[in-house]
Structure formats: structure tokens, C-alpha cells
Amino acid sequence: MTETGVQTVAPAGDDASLPFEVAALDVRGRAIQMGPTLDAILSGHGYPDPVSKLLAEALVLTVLLGASLKFDGKFILQTDTDGPVDMLVADYHTDGALRGYARFDADRVASAEKEGLKDPSGLLGKGVLAMTIDQGPEMSRYQGIVPLDGGTLEEAGHVYFRQSEQIPTRIRLAVAELHDRDEDGTMRKTWRAGGLIVQFLPQASSRMTPADLPGGDVPEGIEIGPVDEDDAWVEAQSLAATIEDHELTDPAVPSERLLYRLFHERGVRVFAATPVINRCSCSRDKVAGLLGSFSAEEIAESIDNGEILVTCEFCGTKYRFDPGQFTPDS
Ligand SMILES: [Zn+2]
């Protein structure tokens, strides 16, 4: 069967991850351009711009990786580093729900900006990037950890696929602030981002890479040899390398057009897109459950003005509790 050009039912639009396949190159992947969903998550936090930009990269990477899960579950990306932004957390549920937050030292971020910070990745410092697949309480969690040594999240993603998954992979991430006018004509700033993941997943057994296993995980006991740089993969990588950051975030270059631009000579086929929504999974019951696991001493320390106030780091929702609810009768 020959496929030429992009064949799709309806354009994916903003905030939807679009799977694609370039059969002639044994390449599969996903593309996404994020607009209102990303902007809502970032505006809700109101972080300094470089922190927002970093979190945006983490969110896009999380969607690109999480959308590959073939079962109901959650993909969690988390950094733990020694820089001014010492933690980024983003998680994506396979139903499309995305959320994230950053923890940072505002003074250190401000002085880095004053010193002319060019690449926000410099705010991460050194540490690790952990990626966790959570299929619910009955299933074991899978976690892959790679070092973050002053590089970008994009680079850490490459290391992850090389070391943990041994799937030849290229990832591209880009974030942009757009300045336009709202209905009243007032200038406003909105966040956009885009991303692409391209993976070499040959079907032929003569090629040494594994098939696309659930979660991209390689089962225990299966040894995978080194992969020669296959001609098809060399070609796919060099095409992916031609993408400019602005193309990934340009509203005038939707995902289908970008994929067509890259792969039309080989024939690229796209599949149904999955919409990404800004939704937090916190609830009063979950917070109460957590407080219920606290010791009496921890509960006592959490009381302020006669109540326990818990604010969700992801969405800012405030939950207030009567401490009596958690104090064991004595
Ligand atoms: Zn929440």
C-alpha cells in the first residue's frame, strides 16, 4: 500500500497529539502544537517567564511520551536538580488530562535573569529526570531515571531512550510567547509550544530494535543489541533536524503541515489525534486521605488559625479542613 501526503479526517488543531507513521522509513512518532491548554496551565501559575518556559517544555515532553501509553494510566515526568528551578513536575493521563508545576527559588531566578540568562535550561542545574508510568494501585510502577547535567530536557529525553529503551529517538521541543490583541484591543501575551518525537521502530527482525511495546518498555530478559545507524533512520533524523523552533510553535504551521513538510517525499500517514486538556486530578477526598496518614504530631504542625489549609500545587485549589477530623481521640 502506498501512502502519499498527509491523509487525515479533520485537522488535529491546537492541544491535540497527532500520531504519525512514515512506513517507508520505519519511523513512527507524534507531533503536537499546544495553545490554549498550555496557556491556561501557565497563566494559572503566573511564574517568571523563564520558569514558565521550562515548565512548558516539560509539559510538551510529558504529552509526547505519555500519549504513547497503550493502556489507561498516567505518565509522570519529574526533575530533581540543584539549580534555581529545583523541581518540575508534569503528568499526563491517557484520557488527555495534563497538569504541572514548578518549584523554584524566586531570588535565584531573578538574579539569573539579571545576569542575562539566555537558555532557561540553565536554571535546572544538575540532578536527575525521572519518568514514571503509573497504571493504578494494582499494577507495578515503571520508572526510568536519567541524569540532567546542565543540558536541556530535550537532550535528557534522548539519553532516556538511548539508555533505558534503546529505541533510536529524536525529540524536538519549542516554546514561544505570542503577543496579540484580545477582543477589546488590549495587548496580551499568550504561551504556545510545539513538539515532535520521531522513533525508529522497524518491523523487520533483521533490524535489531524492539517492536513498540506498551509504554515503550523493554521486558526483562530481552537483550537488545546495538543499532547500526540504518540509512532510513539517518534520513529521518536529518529531516527532523531541519525543523526550526518557530515552525513548531507557529499557529500557521499546524502539525499536519509540519509533518507534510518533513516527510511528504516518503509518504506520511497520520492517525486520530488525542486532545489534551487542562485538568487536575486533585480532590477533597484525596487530600483528606493524605492527611489521614499523618501522625498526630504532623497534624498538629499543619494547623494554622484553627484549621488545616492545603493548596494543590498543580491547580491552586484550596482545601480547608477541621483539624478535629484528623486528631485521634485521646
Ligand atoms: Zn489540583
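Quantities reported herein were computed from a predicted structural model and do not represent experimental measurements.

Draft legend 1. Structural context of the pattern of salt bridges. All chains considered together, the criterion is met by 15 salt bridges. D95 is paired through a salt bridge with R279; the nearest N and O atoms lie 2.5 Å apart. One end of the pair, D95, is in the loop between β4 (85-93) and β5 (97-104); the other, R279, is in the loop between β12 (277-278) and α8 (284-292), with 184 residues separating them in the sequence. Looking at D95, the relative accessible area reads 41%, which means it is partly exposed. Counted as one network, the salt bridges with shared partners bring together D49, E177 and K189.

Draft legend 2. Structural detail: the coordination of the zinc ion. At 2.2 to 2.3 Å from the zinc ion lie its protein donor atoms, namely C280 (SG), C282 (SG), C312 (SG) and C315 (SG). Coordination at the zinc ion is tetrahedral, judged from the four donor atoms that bind it and the angles of 104 to 115° they form at the metal.

Draft legend 3. Geometry of the side chain of D15. For D15, the position within the fold is in the segment before β1 (16-22). For the buried residue D15, which engages in no salt bridge, the nearest side chain bearing the opposite charge is R192, 7.0 Å off. Beyond its immediate chain neighbours, meaning those up to four positions away, D15 contacts I32, Q33, M34, G35, P36, T37, L38, T274, P275 and V276.

Draft legend 4. Focus on the sheet that holds strand β15 (residues 318-321). Overall, antiparallel pairing links the three strands, which are arranged β13-β14-β15 in an open sheet. Unpaired on one side and paired on the other, β13 (303-304) and β15 mark the two borders of the sheet. As paired strands, β13 and strand β14 (residues 307-311) are joined by two bridges and run antiparallel to one another. Counterpart to I303 in the pairing with β14 is I308. Docked against the sheet, α8 engages β14 and β15, running at close to 55° with respect to β15.

Draft legend 5. A look at unusual backbone geometry. Although it is not a glycine, D15 adopts a positive phi angle of roughly 60°. Although it is not a glycine, N305 adopts a positive phi angle of roughly 55°. By secondary structure assignment, the location of N305 is in the loop between β13 and β14. Classification of N305 by relative accessible area gives exposed; the value is 77%.

Rules used throughout
Residues numbered from 1 in each chain as written. Predicted model: local features only at pLDDT ≥ 70, side-chain atom pairs only at ≥ 80, totals over all residues. Heavy atoms only, no water. Salt bridge = Lys/Arg side-chain N within 4 Å of Asp/Glu carboxyl O. Helix = DSSP H or I, 4+ residues; strand = E, 2+ residues; numbered from the N terminus. Buried < 20%, exposed > 50% of the residue type's maximum accessible area, 1.4 Å probe, protein only. Donors = N, O, S within 2.8 Å, 3.2 Å for Na, K, Ca; no water. Tetrahedral: all angles 85-135°; square planar, octahedral: opposite > 155°, others 65-115°. Lys, Arg positive; Asp, Glu negative; His and termini not counted. Contact = heavy atoms within 4.5 Å. Pairing = 2+ DSSP bridges. Axes fitted to C-alpha atoms, helices over the stretch in contact; angles between N-to-C directions.

The values reported here are purely geometric and, on their own, carry no functional implication.
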